[in-house]
Amino acid sequence: MSSLVKLAEVVDEAARTASAIPQLTDSEKLDVNQAYEIQALSLERRYKRGEQLIGVKMGLTSRAKMAQVGVHEVIWGRLTDAMRLEEGASLSRQRYVHPRIEPELAFLLKAPLSGEVSALEAMAAVEGIAPAMEIIDSRFRDFKFALPDVVADNSSSSGFVVGPWSRPDQDFRNLGVVMEVDGRPVQIGSTAGILGDPMRSLLAAARLAGKALGGLKAGWIIMAGGITAAHPLAPGQHVRTVIQNLGAVSLGVKD
Ligand code: OOG
Ligand code: MG
């Protein structure tokens, strides 16, 4: 078997050069713990290139997403400053293999969170909530993967954009969500699609990622996971997500 360090280099290079690779599990026997180790090692390479860890993304927290990719387990990945896109910015399609976009809800933390925490404790650590979108770009050919593959590949994360922050002291358990491409709705859902209540995703982040990272930190952004299935991105598109009561977030695609 290849070393985890070698496999981390493979996924990191695939991401860095936007080249599709075969699934790791085609040739390696990997369990989920080893996959998270590969993710950690591949992110170490990015930190060495100057990127900084600024949060965590949760994945497969909705049935729509699980059904789309055929993996039925909640996963998480690391967000770096280089992955963040400015609200309204245009991303370059060429920098990705086969990017998709999905509507999400983001949390901003004002206090650390770690381990088994109650919803009340978690709420006390939240500074704000915002409409957001994640760019996912599996480095695996045809966007096909098994659980250890996607985890090793930083849970497909490759970019994210966050809209205006709102105070979290409001009921955000069942807010309507519309994602539009060029003004046409392509996905419709509710924040309830995220584990029945997006707060559950934050609790999972504290439990799973918090454990691995020595806690979620104040100032971090936690992406709660795709609310609907993801939509493929093509040059020239303008994508906008509106979440009821929270406002809109948008992104363009160039090249
Ligand atoms: C896996 C990542 C899932 C989400 O929000 O559910 C994810 C993928 O769809 O490639 O980011
Ligand atoms: Mg996502």
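Okay, so let's go over this structure. Here the structure is a predicted model, which means the values were calculated and not measured.

Rules of the game
- Residues numbered from 1 in each chain as written.
- Chains lettered and ligands numbered in written order.
- Predicted model: local features only at pLDDT ≥ 70, side-chain atom pairs only at ≥ 80, totals over all residues.
- Heavy atoms only, no water.
- Core = buried A, V, L, I, M, F, W, Y, C linked by side-chain atoms within 4.5 Å.
- Buried < 20%, exposed > 50% of the residue type's maximum accessible area, 1.4 Å probe, protein only.
- Helix = DSSP H or I, 4+ residues; strand = E, 2+ residues; numbered from the N terminus.
- Contact = heavy atoms within 4.5 Å.
- Near = heavy atom within 4 Å.
- Areas by Shrake-Rupley, 256 points an atom, 1.4 Å probe, with all protein chains shown as cover.
- 1 Å grid on protein atoms, 1.4 Å probe; cavity = no way out; pocket = protein on both sides within 12 Å on 5 of 7 lines; lining within 4 Å.
- Sits in = over half its atoms within 2 Å of the grid points.
- Points joined across faces, edges and corners; volume = space filled by probe spheres on them.
- Nonpolar A, V, L, I, M, F, W, Y, C, P; charged D, E, K, R; others polar.
- Pairing = 2+ DSSP bridges.
- Axes fitted to C-alpha atoms, helices over the stretch in contact; angles between N-to-C directions.
- Donors = N, O, S within 2.8 Å, 3.2 Å for Na, K, Ca; no water.

1. Notes on the nonpolar core
Ranked by internal contacts, the top residues of the largest apolar core, which has 55 residues, are Val 56, Phe 107, Leu 113, Leu 202, Leu 216 and Ile 222. With 8 residues, the top contributor of residues to this core is helix H6 (residues 198-213). Other than its neighbours up to four places away in sequence, Phe 107 contacts Val 126, Gly 128, Ile 129, Trp 165, Phe 172, Pro 198, Met 199, Leu 202, Trp 220, Ile 221, Ile 222 and Ala 224. In this structure, Ile 101, Ile 135, Val 181 and Leu 233 belong to the second largest nonpolar core, which totals 15 residues.

2. Some remarks on the environment of Leu 85
With respect to the helices and strands, the residue Leu 85 is situated in strand E3 (residues 84-85). Distance in space between the C-alpha atoms of Leu 85 and Ala 130 is 14 Å, their sequence separation being 45 residues. Beyond its immediate stretch of four places on either side in the chain, Leu 85 contacts Leu 91, Tyr 96, Ile 135, Phe 160, Val 161 and Leu 251.

3. Side note on the site of ligand 1
By nearness alone, 17 residues border ligand 1, and Lys 57, Leu 60, Lys 65, Ser 156 and Gly 226 come closest of all. Here ligand 1 loses 100% of its free accessible area of 320 Å² to cover by the protein chains. Most atoms of ligand 1, that is more than half of them, are within 2 Å of grid points of the largest cavity. Going through the elements one at a time, strand E1 (53-59), helix H3 (63-69), strand E5 (100-109) and strand E6 (126-136) are the ones with two or more residues in the shell around ligand 1.

4. Section: empty space enclosed by the protein
Counted by the stated rule, this structure contains 2 cavities of 30 Å³ or more. Counted as a void, the largest cavity has a volume near 100 Å³. Lys 57, Leu 60, Lys 65, Ile 75 and Ser 155 are, among the 15 residues lining the largest cavity, the residues nearest its centre. Across the lining of the largest cavity, the residue classes break down as 7 nonpolar, 4 polar and 4 charged. What lines the second largest cavity is Val 11, Asp 12, Ala 15, Ser 42, Arg 46, Arg 139, Ala 152, Asp 153 and Asn 154. Among the secondary structure elements, those contributing two or more residues to the lining of the second largest cavity are helix H1 (4-17) and helix H2 (32-48). Take the lining of the second largest cavity: its biggest share by element is 3 residues, from H1. Its residues assigned to classes, the lining of the second largest cavity shows 3 nonpolar, 2 polar and 4 charged.

5. Remarks on the sheet that holds strand E9 (residues 184-190)
An order of E4-E13-E12-E8-E9 is seen for the 5 strands of this open sheet, with the pairing classed as mixed. In the strand order of this sheet, the two ends are held by strand E4 (90-92) and E9, each with one partner. Taken over all neighbouring pairs, the strand axes of this sheet differ in orientation by 20 degrees on average, direction set aside. Pairing of strand E8 (residues 176-181) with E9, which is carried by 6 bridges, proceeds in the antiparallel orientation. Across the sheet, the residue bridging to Val 178 is Ile 188, located in E9.

6. Regarding the coordination of the magnesium ion (ligand 2)
Each protein donor to the magnesium ion (ligand 2) is listed here as Glu 102 (OE), Glu 104 (OE) and Glu 134 (OE); together their distances run 1.9 to 2.0 Å. Counting residues between consecutive donors of the magnesium ion (ligand 2) along the chain gives the motif E-x1-E-x29-E. Placement of the pair is Glu 104 in strand E5 and Glu 134 in strand E6, with a sequence separation of 30 residues. Residue Glu 104 shares its accessibility class with Glu 134, and that shared class is buried.

7. Here's the deal with the environment of Ala 82
Tracing the backbone shows Ala 82 in the loop between strand E2 (75-80) and E3. On the accessibility criterion, Ala 82 (46% relative accessible area) is partly exposed. Sequence separation of Ala 82 and Ala 218 is 136 residues, and the distance between their C-alpha atoms is 19 Å.

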